[in-house]
Amino acid sequence: RVEDGQGAVVAERQAQRTEPPRMYQVVLLNDDYTPMEFVVLVLQEYFLRDLDTATQIMLKIHHEGRGICGVYTKDVAATKVELVLAAARRAGHPLQCILEAA
Ligand code: TYC
């Protein structure tokens, strides 16, 4: 139950129900230097894609400039972005990975 502006008590379904969490998509961006094989490995390792799906997503990014790797709650999505960026920098690749509200 929630007080409204007049002080009356308003029973709100919103206050009683647990809303689903906002979701965020992790997006990989294309570039001219990161090897295709590295992107496929990233999609398998961090986004749990099988080889075929990882290859399809990588090729979509390569041709369209960007692609959704997965959709997660905010903390999980942000952690995946950091892990992917760290792995890319370690390997010396310029791969870019961003988080977007779904
Ligand atoms: N365009 C890269 C190449 O030709 C491959 C690539 C795919 C890079 C997806 C980044 O997110 C990416 N080697």
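The preceding data block contains the structure.
Since we're looking at a predicted model, the values are computed, not measured.

A. Main features of the overall build of the chain. Looking only at helices and strands, the chain has four helices and five strands in total. Here the chain holds 102 residues, and the buried ones make up 20% of them. For the chain, the share of sequence-separated contacts (at least 6 apart) that also reach a separation of at least 24 residues comes to 64%.

B. Examining the packing of helix 2 (residues 36-47) against helix 3 (residues 51-64) more closely. The interhelical angle for the contact between helix 2 and helix 3, taken along N-to-C directions, is 125 degrees, at an axis separation of 9 Å. In terms of their interaxial angle, helix 2 and helix 3 are classed as oblique. In this structure, the crossing between helix 2 and helix 3 has a hand that is right-handed. Here helix 2 contributes M36, V39, V40, L43 and Q44 to the contact with helix 3, which in turn contributes L51, A54, T55, I57, M58, I61 and H62. Split by residue class, the contact of helix 2 with helix 3 holds nine nonpolar, three polar and no charged.

C. View of helix 3. For helix 3, which comprises 14 residues, the first-to-last C-alpha distance of 20 Å matches the rise-based estimate of 20 Å (1.5 Å per residue) to within 8%. Against strand 3 (23-29), helix 2 and strand 4 (66-73) lie the buried residues of helix 3. Immediately beyond the C-terminal end of helix 3, within one or two residues, lies G65, with a positive phi of roughly 100 degrees.

Rules of the game
- Residues numbered from 1 in each chain as written.
- Predicted model: local features only at pLDDT ≥ 70, side-chain atom pairs only at ≥ 80, totals over all residues.
- Helix = DSSP H or I, 4+ residues; strand = E, 2+ residues; numbered from the N terminus.
- Buried ≥ 20, exposed ≤ 12 C-beta atoms within 10 Å, placed from the backbone.
- Contact = placed C-beta atoms within 7 Å.
- Axes fitted to C-alpha atoms, helices over the stretch in contact; angles between N-to-C directions.
- Parallel < 35°, antiparallel > 145°, perpendicular 65-115°, else oblique.
- Left-handed = near helix turned anticlockwise from the far one by under 90°.
- Nonpolar A, V, L, I, M, F, W, Y, C, P; charged D, E, K, R; others polar.
- Expected span 1.5 Å × (residues − 1).

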